[in-house]
Amino acid sequence: VQLQASGGGLVQTGGSLRLSCAASRSIFNINDMGWYRQAPGKQRELVATQTSGGSSNYADSVRGRFTISRVNAKNTVYLQMNSLTPEDTAVYYCNARITVVNTKDYWGQGTLVTVSS
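Residues numbered from 1 in each chain as written. Predicted model: local features only at pLDDT ≥ 70, side-chain atom pairs only at ≥ 80, totals over all residues. Heavy atoms only, no water.

(A) Looking closely at the environment of Ala-22. As for its placement among the helices and strands, Ala-22 is situated in strand β3 (residues 17-23). Residues Ala-22 and Ile-68, spaced 46 residues apart in sequence, show a C-alpha to C-alpha distance of 14 Å. Residues within four places of Ala-22 in sequence aside, it is in contact with Gln-2, Leu-3, Gln-4, Asn-75 and Thr-76. (Helix = DSSP H or I, 4+ residues; strand = E, 2+ residues; numbered from the N terminus. Contact = heavy atoms within 4.5 Å.)

(B) Looking closely at unusual backbone geometry. The backbone of Asn-75 sits at a positive phi, close to 50 degrees, despite the residue not being glycine. As for its placement among the helices and strands, Asn-75 is situated in the loop between β7 (66-71) and β8 (76-81). Of note in this structure, Ser-83 is not a glycine but carries a positive phi near 50 degrees. Of note, Ser-83 is situated in the loop between β8 and β9 (90-99).

(C) Highlighting the sheet that holds strand β1 (residues 3-6). With respect to topology, four strands assemble into an open sheet ordered β1-β3-β8-β7, the strand pairing being antiparallel. Where the open sheet ends on each side, the last strands, each with one partner, are β1 and β7. In this sheet, adjacent strand axes meet at a mean angle of 15 degrees when their direction is disregarded. (Pairing = 2+ DSSP bridges. Axes fitted to C-alpha atoms, helices over the stretch in contact; angles between N-to-C directions.)

(D) Quick look at the state of the cysteines. Applying the stated criterion across every chain yields a total of one disulfide. Sulfur-sulfur distance for the disulfide between Cys-21 and Cys-94 comes to 1.9 Å. In this structure the cystine formed by Cys-21 and Cys-94 twists about its S-S bond by roughly -80 degrees; its chirality is therefore left-handed. Taken together, the residues Cys-21 in strand β3 and Cys-94 in strand β9 connect sequence positions 73 residues apart. (Disulfide = S-S within 2.5 Å.)

(E) View of the pairing of β3. For β3, a buried count of five out of seven residues is recorded, marking the element as mostly surrounded by other parts of the structure. For β3 and β8, the ladder comprises six bridges, and the chain directions are antiparallel. Within the sheet, the bridge partner assigned to Ser-20 lies in β8 and is Tyr-78. (Buried < 20%, exposed > 50% of the residue type's maximum accessible area, 1.4 Å probe, protein only.)

(F) Layout of the packing of aromatic side chains. Tallied over the entire structure, the rule returns one aromatic pair. Judged by centre distance (5.1 Å) and plane angle (70 degrees), the rings of Tyr-36 and Trp-107 are edge-to-face. Here Trp-107 lies in strand β10 (residues 103-107) and Tyr-36 lies in strand β4 (residues 32-38), a separation of 71 residues in the sequence. The class for Tyr-36 is buried, based on a relative accessible area of 12%. For Arg-44, the ring lying beneath its charged end belongs to Tyr-93, and the centroid distance is 3.8 Å. (Phe/Tyr/Trp six-rings, centres within 6.5 Å; stacked < 30°, edge-to-face > 60°. Lys NZ or Arg CZ within 6 Å of the ring centre and 35° of its normal.)

(G) Summary view of the side chain of Ser-20. Mapping Ser-20 onto the fold places it in strand β3. Given the relative accessible area of 17%, Ser-20 is considered buried. Once residues lying within four places of it in the same chain are set aside, the contact partners of Ser-20 are Gln-4, Ala-5, Ser-6, Trp-35, Thr-76, Val-77 and Tyr-78.

Listed below in structure tokens is the structure:
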């Protein structure tokens, strides 16, 4: 599966952005889809994931501010980001985790989010 992330940009502190991740095929039965981010000089970290059953998981740093959603009919996953702070500045990557016999991760190309103070 190929993933195309979009929606990043420059926003001021307190602003909002919505990221989109379009998959090349149906996401209906993809076990987990989510967003990760990597800030300069830091390791990639989980932001939010959602299972095919609709259960969501968020990093403590974004819980209450970010919302992940899957629209299966559009093969798209969204990340609504509100109340952004400079600490949210990072490249955001879309992820699809598929488990058949083994688990394999698929990654999008990343979209840059910059939050100015």
